Amino acid sequence: MERELLTTLPLNKVDWTAPETDDEIDFRFVPGPKQAKKLIDAVGAQGERGRHLRAFFGCLYYAANRPGEATSLRASDFTLPEKGWGEVLLSTSTPRVGSGWTDTGESFDRRGLKKRARKATRPVPIPPVLVRMVREHIKECGTAEDGRLFRAIQGGHLLSKEYGEVWKAARLAMLTESEAASPLADVPYSLRHAGVSLWLESGVSPAEVARRAGHSIAVLFRFYAKAIHRTQQRSNERIERALEAADEE
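Analysis parameters
- Residues numbered from 1 in each chain as written.
- Predicted model: local features only at pLDDT ≥ 70, side-chain atom pairs only at ≥ 80, totals over all residues.
- Heavy atoms only, no water.
- Helix = DSSP H or I, 4+ residues; strand = E, 2+ residues; numbered from the N terminus.
- Expected span 1.5 Å × (residues − 1).
- Buried < 20%, exposed > 50% of the residue type's maximum accessible area, 1.4 Å probe, protein only.
- Patch = residues over 30% accessible without salt bridge, like charges linked within 9 Å, V, L, I, M, F, W, Y side chains within 5 Å.
- Areas by Shrake-Rupley, 256 points an atom, 1.4 Å probe, with all protein chains shown as cover.
- Salt bridge = Lys/Arg side-chain N within 4 Å of Asp/Glu carboxyl O.
- Phe/Tyr/Trp six-rings, centres within 6.5 Å; stacked < 30°, edge-to-face > 60°.
- Polar contact = N/O pair within 3.5 Å; in protein donor to acceptor, adjacent residues only side chain to side chain.

Undergrad: How would you summarise helix H7 (residues 189–201) if you had to cite specific residues and measurements?
TA: Taking 1.5 Å per residue as the helical rise, H7 with its 13 residues ought to reach 18 Å, and the 19 Å between its terminal C-alpha atoms agrees with that figure. H7 sits mainly inside the fold: 10 of its 13 residues count as buried.

Dropping the structure here:
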(Lines give C-alpha, C1' and ligand atoms only; values in the text may rest on other atoms or scores of the structure.)
Protein backbone atom coordinates (compact mmCIF):
# COMPACT_ATOMS: atom_id res chain seq x y z
CA MET A 1 0.00 0.00 0.00
CA GLU A 2 2.84 2.42 0.84
CA ARG A 3 4.42 1.79 -2.56
CA GLU A 4 1.01 2.18 -4.26
CA LEU A 5 1.27 -1.26 -5.85
CA LEU A 6 -2.28 -2.13 -4.75
CA THR A 7 -5.29 -0.17 -5.89
CA THR A 8 -7.46 -1.22 -2.96
CA LEU A 9 -6.90 -2.49 0.55
CA PRO A 10 -7.55 -6.29 0.42
CA LEU A 11 -7.96 -6.64 4.20
CA ASN A 12 -11.41 -5.04 3.95
CA LYS A 13 -12.60 -8.28 2.36
CA VAL A 14 -11.37 -10.52 5.17
CA ASP A 15 -14.12 -11.72 7.51
CA TRP A 16 -12.31 -12.39 10.79
CA THR A 17 -13.05 -11.85 14.44
CA ALA A 18 -10.31 -11.94 17.04
CA PRO A 19 -10.74 -14.96 19.33
CA GLU A 20 -11.54 -14.35 22.95
CA THR A 21 -8.50 -15.06 25.11
CA ASP A 22 -7.57 -14.87 28.76
CA ASP A 23 -4.36 -12.86 28.78
CA GLU A 24 -3.71 -13.40 32.48
CA ILE A 25 -0.78 -15.71 33.19
CA ASP A 26 -1.52 -19.05 34.85
CA PHE A 27 0.94 -18.97 37.73
CA ARG A 28 0.50 -22.67 38.41
CA PHE A 29 2.95 -23.23 35.56
CA VAL A 30 5.40 -20.39 36.21
CA PRO A 31 8.55 -21.67 37.97
CA GLY A 32 9.33 -20.26 41.40
CA PRO A 33 12.80 -18.96 42.37
CA LYS A 34 14.16 -22.38 43.39
CA GLN A 35 12.79 -24.08 40.28
CA ALA A 36 14.09 -21.31 37.99
CA LYS A 37 17.59 -21.58 39.47
CA LYS A 38 17.58 -25.37 39.14
CA LEU A 39 16.39 -25.14 35.53
CA ILE A 40 19.16 -22.68 34.65
CA ASP A 41 21.71 -24.92 36.36
CA ALA A 42 20.28 -27.89 34.41
CA VAL A 43 20.88 -25.92 31.20
CA GLY A 44 24.54 -25.56 32.18
CA ALA A 45 24.77 -29.33 32.60
CA GLN A 46 23.74 -29.97 28.96
CA GLY A 47 27.26 -30.23 27.57
CA GLU A 48 29.14 -27.48 25.76
CA ARG A 49 26.02 -25.87 24.28
CA GLY A 50 24.35 -25.84 27.66
CA ARG A 51 27.33 -24.11 29.26
CA HIS A 52 27.30 -21.55 26.46
CA LEU A 53 23.59 -20.81 26.92
CA ARG A 54 23.41 -20.80 30.72
CA ALA A 55 23.91 -17.02 30.93
CA PHE A 56 21.38 -16.56 28.10
CA PHE A 57 18.68 -18.18 30.20
CA GLY A 58 19.98 -16.25 33.20
CA CYS A 59 19.18 -13.03 31.32
CA LEU A 60 15.64 -14.24 30.69
CA TYR A 61 15.07 -14.82 34.41
CA TYR A 62 17.22 -12.40 36.39
CA ALA A 63 16.72 -9.46 33.98
CA ALA A 64 13.34 -10.57 32.55
CA ASN A 65 14.64 -10.19 29.00
CA ARG A 66 12.54 -11.34 26.09
CA PRO A 67 14.39 -14.07 24.16
CA GLY A 68 14.66 -11.77 21.13
CA GLU A 69 16.29 -9.12 23.32
CA ALA A 70 18.76 -11.56 24.88
CA THR A 71 19.94 -13.00 21.55
CA SER A 72 21.28 -9.62 20.46
CA LEU A 73 23.07 -8.73 23.73
CA ARG A 74 26.69 -7.62 23.47
CA ALA A 75 29.37 -7.39 26.13
CA SER A 76 29.26 -3.59 25.81
CA ASP A 77 25.60 -3.61 26.89
CA PHE A 78 26.58 -4.72 30.41
CA THR A 79 27.98 -2.97 33.44
CA LEU A 80 29.64 -5.75 35.45
CA PRO A 81 31.23 -4.57 38.71
CA GLU A 82 33.42 -6.87 40.79
CA LYS A 83 30.84 -6.74 43.58
CA GLY A 84 27.20 -5.76 43.89
CA TRP A 85 24.53 -5.05 41.30
CA GLY A 86 25.22 -4.33 37.67
CA GLU A 87 23.10 -3.22 34.73
CA VAL A 88 22.17 -4.29 31.23
CA LEU A 89 21.17 -1.67 28.67
CA LEU A 90 18.68 -3.07 26.16
CA SER A 91 18.37 -1.34 22.81
CA THR A 92 17.54 -3.94 20.15
CA SER A 93 15.52 -7.08 19.63
CA THR A 94 15.97 -9.78 17.00
CA PRO A 95 12.85 -11.94 16.98
CA ARG A 96 12.55 -14.80 14.52
CA VAL A 97 10.04 -13.97 11.79
CA GLY A 98 11.02 -16.19 8.84
CA SER A 99 13.33 -15.37 5.93
CA GLY A 100 10.41 -14.51 3.64
CA TRP A 101 9.52 -11.52 5.82
CA THR A 102 12.88 -9.78 6.14
CA ASP A 103 14.74 -7.53 3.73
CA THR A 104 18.02 -9.39 4.31
CA GLY A 105 16.71 -12.92 3.69
CA GLU A 106 17.70 -13.95 7.22
CA SER A 107 15.19 -15.75 9.46
CA PHE A 108 15.29 -13.02 12.12
CA ASP A 109 14.61 -9.32 12.07
CA ARG A 110 16.59 -6.53 13.73
CA ARG A 111 14.34 -3.97 15.30
CA GLY A 112 14.02 -1.66 18.28
CA LEU A 113 12.55 -2.71 21.60
CA LYS A 114 8.98 -3.96 21.54
CA LYS A 115 6.44 -1.11 21.41
CA ARG A 116 9.18 1.49 21.85
CA ALA A 117 10.72 4.08 19.54
CA ARG A 118 13.41 2.54 17.34
CA LYS A 119 16.27 4.23 19.20
CA ALA A 120 14.80 3.82 22.69
CA THR A 121 16.82 2.01 25.35
CA ARG A 122 15.82 0.25 28.57
CA PRO A 123 18.30 -0.02 31.44
CA VAL A 124 17.63 -2.96 33.76
CA PRO A 125 19.45 -3.49 37.07
CA ILE A 126 20.85 -7.01 37.34
CA PRO A 127 21.60 -8.84 40.61
CA PRO A 128 25.08 -10.09 41.55
CA VAL A 129 24.21 -13.66 40.52
CA LEU A 130 23.67 -12.57 36.91
CA VAL A 131 26.72 -10.28 37.00
CA ARG A 132 28.86 -13.29 37.91
CA MET A 133 27.15 -15.47 35.32
CA VAL A 134 27.83 -13.00 32.48
CA ARG A 135 31.42 -12.39 33.61
CA GLU A 136 32.04 -16.16 33.65
CA HIS A 137 30.43 -16.50 30.21
CA ILE A 138 32.69 -13.84 28.69
CA LYS A 139 35.76 -15.41 30.30
CA GLU A 140 34.91 -18.93 29.14
CA CYS A 141 33.15 -18.35 25.80
CA GLY A 142 34.36 -14.94 24.67
CA THR A 143 32.25 -13.00 22.19
CA ALA A 144 31.51 -12.95 18.48
CA GLU A 145 33.35 -10.47 16.24
CA ASP A 146 30.51 -7.98 16.66
CA GLY A 147 30.51 -8.43 20.45
CA ARG A 148 27.48 -10.71 20.70
CA LEU A 149 27.54 -12.94 23.76
CA PHE A 150 25.36 -15.78 22.53
CA ARG A 151 25.91 -17.49 19.17
CA ALA A 152 24.68 -20.44 17.21
CA ILE A 153 26.90 -23.51 16.90
CA GLN A 154 28.36 -22.16 13.65
CA GLY A 155 28.79 -18.69 15.15
CA GLY A 156 25.75 -17.05 13.56
CA HIS A 157 22.64 -15.61 15.13
CA LEU A 158 21.18 -17.73 17.92
CA LEU A 159 17.76 -19.04 16.85
CA SER A 160 14.85 -20.23 18.94
CA LYS A 161 15.13 -23.80 17.66
CA GLU A 162 18.63 -24.15 19.10
CA TYR A 163 18.06 -22.68 22.54
CA GLY A 164 14.63 -24.33 22.63
CA GLU A 165 16.21 -27.78 22.25
CA VAL A 166 18.62 -27.11 25.11
CA TRP A 167 15.74 -25.88 27.27
CA LYS A 168 13.71 -28.99 26.51
CA ALA A 169 16.61 -31.23 27.57
CA ALA A 170 17.21 -29.25 30.78
CA ARG A 171 13.52 -29.34 31.63
CA LEU A 172 13.37 -33.13 31.25
CA ALA A 173 16.51 -33.50 33.35
CA MET A 174 15.30 -31.33 36.25
CA LEU A 175 11.53 -31.80 36.48
CA THR A 176 9.70 -34.86 37.71
CA GLU A 177 7.86 -36.99 35.17
CA SER A 178 4.49 -35.48 36.09
CA GLU A 179 5.89 -31.93 36.04
CA ALA A 180 7.50 -32.51 32.65
CA ALA A 181 4.14 -33.72 31.29
CA SER A 182 2.49 -30.49 32.47
CA PRO A 183 2.85 -26.96 31.04
CA LEU A 184 5.23 -26.04 33.89
CA ALA A 185 8.06 -23.94 32.42
CA ASP A 186 7.18 -25.43 29.04
CA VAL A 187 8.91 -22.70 27.02
CA PRO A 188 11.97 -20.48 27.69
CA TYR A 189 9.66 -17.44 27.89
CA SER A 190 8.42 -18.90 31.19
CA LEU A 191 11.62 -17.60 32.77
CA ARG A 192 10.68 -14.03 31.86
CA HIS A 193 7.28 -14.53 33.49
CA ALA A 194 9.06 -15.94 36.53
CA GLY A 195 11.42 -12.96 36.68
CA VAL A 196 8.65 -10.37 36.51
CA SER A 197 6.67 -12.33 39.12
CA LEU A 198 9.71 -12.38 41.41
CA TRP A 199 10.00 -8.60 41.24
CA LEU A 200 6.32 -8.17 42.07
CA GLU A 201 6.41 -10.70 44.91
CA SER A 202 9.49 -8.94 46.31
CA GLY A 203 7.53 -5.71 46.66
CA VAL A 204 8.93 -3.74 43.71
CA SER A 205 6.33 -1.19 42.65
CA PRO A 206 4.26 -2.13 39.58
CA ALA A 207 5.43 1.03 37.82
CA GLU A 208 9.10 0.07 38.24
CA VAL A 209 8.41 -3.55 37.29
CA ALA A 210 6.68 -2.37 34.12
CA ARG A 211 9.63 -0.12 33.26
CA ARG A 212 12.20 -2.88 33.79
CA ALA A 213 10.16 -5.41 31.84
CA GLY A 214 9.37 -3.04 28.99
CA HIS A 215 5.63 -3.18 29.59
CA SER A 216 3.01 -0.50 29.95
CA ILE A 217 1.25 -0.40 33.33
CA ALA A 218 -1.96 -1.54 31.62
CA VAL A 219 -0.29 -4.60 30.11
CA LEU A 220 1.38 -5.47 33.41
CA PHE A 221 -1.94 -5.37 35.27
CA ARG A 222 -3.62 -7.44 32.56
CA PHE A 223 -1.01 -10.22 32.51
CA TYR A 224 0.13 -10.22 36.13
CA ALA A 225 -3.08 -9.33 37.95
CA LYS A 226 -2.87 -12.25 40.41
CA ALA A 227 0.72 -11.50 41.42
CA ILE A 228 -0.05 -7.80 41.85
CA HIS A 229 -3.12 -8.62 43.92
CA ARG A 230 -1.11 -10.87 46.24
CA THR A 231 1.49 -8.15 46.69
CA GLN A 232 -1.18 -5.57 47.46
CA GLN A 233 -2.75 -7.90 50.01
CA ARG A 234 0.54 -8.26 51.88
CA SER A 235 1.06 -4.50 51.74
CA ASN A 236 -2.41 -3.94 53.18
CA GLU A 237 -1.67 -6.40 55.99
CA ARG A 238 1.56 -4.56 56.86
CA ILE A 239 -0.25 -1.21 56.88
CA GLU A 240 -3.01 -2.66 59.05
CA ARG A 241 -0.47 -4.00 61.57
CA ALA A 242 1.21 -0.60 61.72
CA LEU A 243 -2.12 1.12 62.33
CA GLU A 244 -3.02 -1.37 65.04
CA ALA A 245 0.34 -0.81 66.72
CA ALA A 246 -0.28 2.95 66.66
CA ASP A 247 -3.69 2.48 68.32
CA GLU A 248 -2.10 0.46 71.14
CA GLU A 249 0.35 3.23 72.02
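Undergrad: Account for a nonpolar patch on the surface, naming residues and giving values.
TA: Taken together, the side chains of Met-1, Leu-5, Leu-6, Leu-9, Leu-11, Val-14 and Trp-16 present a nonpolar region at the surface, about 810 Å² in accessible area. Assignment of secondary structure puts Val-14 in the segment before helix H1 (33–44).

Undergrad: Residue-level account of the packing of aromatic side chains, with values.
TA: If you walk through the whole model with that rule in mind, you get 7 aromatic pairs. The interplanar angle of 80 degrees and the centroid separation of 5.2 Å between the aromatic rings of Phe-56 and Phe-57 together place this pair among those described as edge-to-face. Residues Phe-56 and Phe-57 agree in their burial class; the two are buried. Ring centres of Phe-57 and Trp-167 lie 5.2 Å apart, and the angle between their planes is 25 degrees; this geometry places the pair in the stacked category. With Phe-57 in helix H2 (residues 47–62) and Trp-167 in helix H5 (residues 160–174), this pair connects stretches of sequence that are 110 residues apart. Judged by relative accessible area, Phe-57 falls into the buried class, the value being 0%. The rings of Phe-56, Phe-57, Phe-150, Tyr-163 and Trp-167 are connected pair by pair, giving a single aromatic cluster.

Undergrad: Can you lay out the side chain of His-215 for me, pointing to particular residues and giving the numbers?
TA: Summarising the element assignment, His-215 is placed in the loop between helix H8 (206–213) and helix H9 (217–223). A relative accessible area of 16% means that His-215 is categorised as buried. Here Arg-192 takes part through its side chain, which lies 3.3 Å from a polar atom of the side chain of His-215.

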